[in-house]
Amino acid sequence: GAGVSQSPRYKVAKRGQDVALRCDPISGHVSLFWYQQALGQGPEFLTYFQNEAQLDKSGLPSDRFFAERPEGSVSTLKIQRTQQEDSAVYLCASSRHTRTRTDTQYFGPGTRLTVL
Amino acid sequence: GNSVTQMEGPVTLSEEAFLTINCTYTATGYPSLFWYVQYPGEGLQLLLKATKADDKGSNKGFEATYRKETTSFHLEKGSVQVSDSAVYFCALSDQTGANNLFFGTGTRLTVIP
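For the structure given in this document, a descriptive report is provided here. (Residues numbered from 1 in each chain as written. Chains lettered and ligands numbered in written order. Predicted model: local features only at pLDDT ≥ 70, side-chain atom pairs only at ≥ 80, totals over all residues. Heavy atoms only, no water.)

### Section: the overall build of chain A
Logical step 1: For chain A, the count of helices and strands is zero helices and 11 strands.
Logical step 2: For chain A, whose C-alpha radius of gyration is 13 Å, the value lies close to the compact-globule estimate of 13 Å for 116 residues.
Logical step 3: Principal-axis analysis of the C-alpha atoms places the extent of chain A at approximately 40 × 25 × 25 Å.
Logical step 4: Looking at the 116 residues of chain A, the share that counts as buried comes to 47%.
Logical step 5: Expressed as a percentage of contacts within chain A between residues at least 6 apart in sequence, the contacts between residues at least 24 apart total 55%.
Logical step 6: Accessible surface for chain A amounts to roughly 5800 Å². Of this, 45% is attributable to carbon and sulfur atoms.
Logical step 7: Side-chain charges in chain A split into 14 positive and 11 negative, and the spacing between the mean points of these groups amounts to 5 Å. (Helix = DSSP H or I, 4+ residues; strand = E, 2+ residues; numbered from the N terminus. Rg over C-alpha atoms; globule rule 2.2 N^0.38 Å. Buried < 20%, exposed > 50% of the residue type's maximum accessible area, 1.4 Å probe, protein only. Contact = heavy atoms within 4.5 Å. Areas by Shrake-Rupley, 256 points an atom, 1.4 Å probe, with all protein chains shown as cover. Lys, Arg positive; Asp, Glu negative; His and termini not counted. Charge placed at Lys NZ, Arg CZ, Asp CG, Glu CD.)

Here you go:
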């Protein structure tokens, strides 16, 4: 499979628990994006990596959200002390090059997080 | 700032009907414009895109034209099929070099035989 994969596909957490969401981008893709999609809404940008460098984290909603991509490939989005408002689908996307206007982003299937 | 407004759904059409999903945008400068589609149980897929004014993106019978004067990027298809049932998202990427995508809220299309 050459697409973007994410795991787990579904995650249920109790309020206050920490969660970790994994993204495997397309091999060789330089750019990696995380988005948050609330129910009935379009995805919203969270953070961006160029290889292992996190160049933009302007969309992270609070300091409970942390992302890493230590070897420039797999990325993990971690949410500490989850709250009910964190319930959403978390999407990962990768693109071949560094950020340019027209480079296509390829999306994974998402992880649906439900916080009880 | 950047924002996308698209036609609210859900939209239900009979097979072979004509489809239009309206999309307008607000952006500084000249963004690139996209339509993404999400089929049931699948991830977002790029359907088509246009990178400058008057460009027409097309794919799988769908078309959209980048209209700078009306800040619009309406999606059209002349004859829809049951297999087109999905959620359609209009999006723009800003021109700050960030290439972050700004999405509309999505329009669910159901095509009935």
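### Describing the interface of chain B and chain A
Put simply, an interface is often sized by how much accessible area is lost when its parts join up.
Logical step 1: Across the boundary between the two partners, chain B contributes 24 residues, which contact 21 residues of chain A.
Logical step 2: Taken together, the two surfaces of chain B and chain A that pack against each other cover about 1700 Å², and 47% of this comes from carbon and sulfur.
Logical step 3: When the buried surface of chain B facing chain A is broken down by residue, B:L44, B:N99 and B:N100 rank first, second and third, together holding 29% of it.
Logical step 4: At the junction of chain B and chain A, the tally comes to zero salt bridges.
Logical step 5: The element contributing the most residues to the side of chain B that touches chain A is strand β5 (residues 32–38) of chain B, with four residues. (Buried area = accessible area lost by both parts, 1.4 Å probe. Salt bridge = Lys/Arg side-chain N within 4 Å of Asp/Glu carboxyl O.)

### Structural notes on unusual backbone geometry
Logical step 1: The peptide bond linking A:S7 to A:P8 adopts the cis configuration, its omega dihedral lying at -10°.
Logical step 2: Within the fold, A:P8 resides in the loop between β1 (5–7) and β2 (10–13).
Logical step 3: Look at the link from B:G9 to B:P10: it is a cis peptide, with omega at -5°.
Logical step 4: Here B:P10 lies in the loop between β1 (3–6) and β2 (11–14).
Logical step 5: A positive phi angle, near 55°, is found at A:N51, a position not held by glycine.
Logical step 6: Mapped onto the elements, A:N51 comes out in the loop between β5 (44–50) and β6 (53–56).

### Brief notes about the sheet that holds strand β3 (residues 19–24) of chain A
Residue and element names in this part refer to chain A.
Logical step 1: Overall, antiparallel pairing links the four strands, which are arranged β1-β3-β8-β7 in an open sheet. Taken across any chain shown, the strands that pair with only one partner, and hence form the sheet edges, are β1 and β7 (65–68). Geometrically, the sheet is characterised by an average inter-axis angle of 15° between neighbouring strands, direction not taken into account. (Pairing = 2+ DSSP bridges. Axes fitted to C-alpha atoms, helices over the stretch in contact; angles between N-to-C directions.)

### A closer look at the nonpolar core
Logical step 1: Core analysis: the biggest nonpolar cluster contains 26 residues, and B:W35, B:L47, B:L48, B:F73, B:L75 and B:Y88 have the highest contact counts within it.
Logical step 2: Elements supplying a minimum of two residues to this core: β2, β3 (19–21), β4 (23–26), β5, β6 (44–50), β8 (62–65), β10 (86–93) and β12 (107–112) of chain B.
Logical step 3: With four residues, β10(B) is the largest single contributor of residues to this core.
Logical step 4: Judged by nonpolar contacts, the second largest core, of 20 residues, contains A:W34, A:L60, A:Y90 and A:C92. (Core = buried A, V, L, I, M, F, W, Y, C linked by side-chain atoms within 4.5 Å.)

### Overview of the state of the cysteines
Residue and element names in this part refer to chain A.
Logical step 1: Following the criterion strictly, the structure yields two disulfides over all chains and no others.
Logical step 2: C23 shares a disulfide with C92; S-S distance 1.8 Å. Its S-S torsion of about -65° marks the bond between C23 and C92 as left-handed, since a negative value means left-handed. A residue pair is termed long-range when its members are at least 10 positions apart, and C23 in strand β3 and C92 in strand β9 (residues 88–95) qualify at 69 residues. (Disulfide = S-S within 2.5 Å.)

Taken by themselves, the reported measurements are silent on function.
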